Amino acid sequence: MREMFRTGESGAYQDGVTFLRPWGFRAQDIQMKVHVWHGDADRNVPMQMGEYYAGAIPICAMMVYPGEGHFILFSHAEEIFRTLIA
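The structure displayed is predicted, hence computed values, not measured ones.

Participant: Just give me the short version of the overall build of the chain, but keep the residues and values in it.
Facilitator: Within the chain, the regular secondary structure consists of four helices and two strands. In terms of its C-alpha atoms, the chain occupies a principal-axis envelope of roughly 40 × 30 × 25 Å. Taking all 86 residues of the chain together, 19% fall into the buried category. When contacts within the chain are restricted to residue pairs at least 6 apart in sequence, long-range pairs at least 24 apart make up 67% of them. For the chain, the accessible area works out to roughly 6900 Å², and carbon and sulfur atoms hold 59% of it. Charged side chains of the chain number 7 positive and 10 negative; the gap between the two group centres comes to 5 Å.

Listed below in structure tokens is the structure:
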């Protein structure tokens, strides 16, 4: 947490603003395959948000990691990056 706010809180603020403002398109309009990775013990982003996007995006694959939290990118980096590169 200290590193995240090392240069101030503007980055965290911008993340919040980005998610709260209209994006200019609906998730339902996305026409490419999207992958959603989510730890079901994530205390930063509710599981319901991942489920919503997985259900709203027409071509979406969702991977849920039981008992894992917000930083699955680190614990599953190889799997995630292999999927993105493929």
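From this point, things continue past the structure.
Participant: Please give an account of the pattern of salt bridges that cites residues and values.
Facilitator: For the structure shown, the criterion picks out two salt bridges. Notably, a salt bridge pairs Asp29 with Arg26, separated by 3.0 Å at the nearest N-O pair.

Participant: Tell me about a nonpolar patch on the surface, and please be specific about residues and values.
Facilitator: A cluster of nonpolar side chains, Phe71, Leu73, Phe74, Phe81, Leu84 and Ile85, forms an exposed patch at the surface whose accessible area comes to about 720 Å². Among the elements of the structure, helix H3 (72–75) and helix H4 (77–85) are those that each provide at least two residues to the nonpolar patch. The biggest single contributor to the nonpolar patch is H4, with three residues. The topology assignment puts Phe71 in the loop between strand S2 (60–65) and H3.

Participant: Mind laying out the packing of aromatic side chains, listing which residues take part and the relevant values?
Facilitator: The tally for this structure, following the rule as stated, stands at four aromatic pairs. A ring pair is formed by Trp23 and Tyr53, whose centres lie 6.0 Å apart and whose planes are at 5 degrees; its orientation type is stacked. Here Tyr53 lies in helix H2 (residues 47–56) and Trp23 lies in the loop between helix H1 (10–20) and strand S1 (34–39), a separation of 30 residues in the sequence. Relative to Phe74, the ring of Phe71 lies with its centre 6.1 Å away and its plane at 35 degrees, an arrangement referred to as tilted. Across the pair, exposure class does not vary: Phe71 and Phe74 are exposed alike.

Participant: Any chance you could break down the environment of Gly55 for me, citing the residues and the numbers?
Facilitator: Note that Gly55 resides in helix H2. Overall, the relative accessible area of 64% leaves Gly55 in the exposed class. Placed 27 residues apart in sequence, Gly55 and Gln28 show a C-alpha to C-alpha distance of 8.8 Å.

Participant: With reference to specific residues and values, describe the environment of Val34.
Facilitator: Positionally, Val34 belongs in strand S1. In this structure, Val34 is in contact with Ile57, Ile59, Cys60 and Ala61, ignoring residues within four places of it in sequence.

Procedures and definitions
Residues numbered from 1 in each chain as written. Predicted model: local features only at pLDDT ≥ 70, side-chain atom pairs only at ≥ 80, totals over all residues. Heavy atoms only, no water. Helix = DSSP H or I, 4+ residues; strand = E, 2+ residues; numbered from the N terminus. Buried < 20%, exposed > 50% of the residue type's maximum accessible area, 1.4 Å probe, protein only. Contact = heavy atoms within 4.5 Å. Areas by Shrake-Rupley, 256 points an atom, 1.4 Å probe, with all protein chains shown as cover. Lys, Arg positive; Asp, Glu negative; His and termini not counted. Charge placed at Lys NZ, Arg CZ, Asp CG, Glu CD. Salt bridge = Lys/Arg side-chain N within 4 Å of Asp/Glu carboxyl O. Patch = residues over 30% accessible without salt bridge, like charges linked within 9 Å, V, L, I, M, F, W, Y side chains within 5 Å. Phe/Tyr/Trp six-rings, centres within 6.5 Å; stacked < 30°, edge-to-face > 60°.

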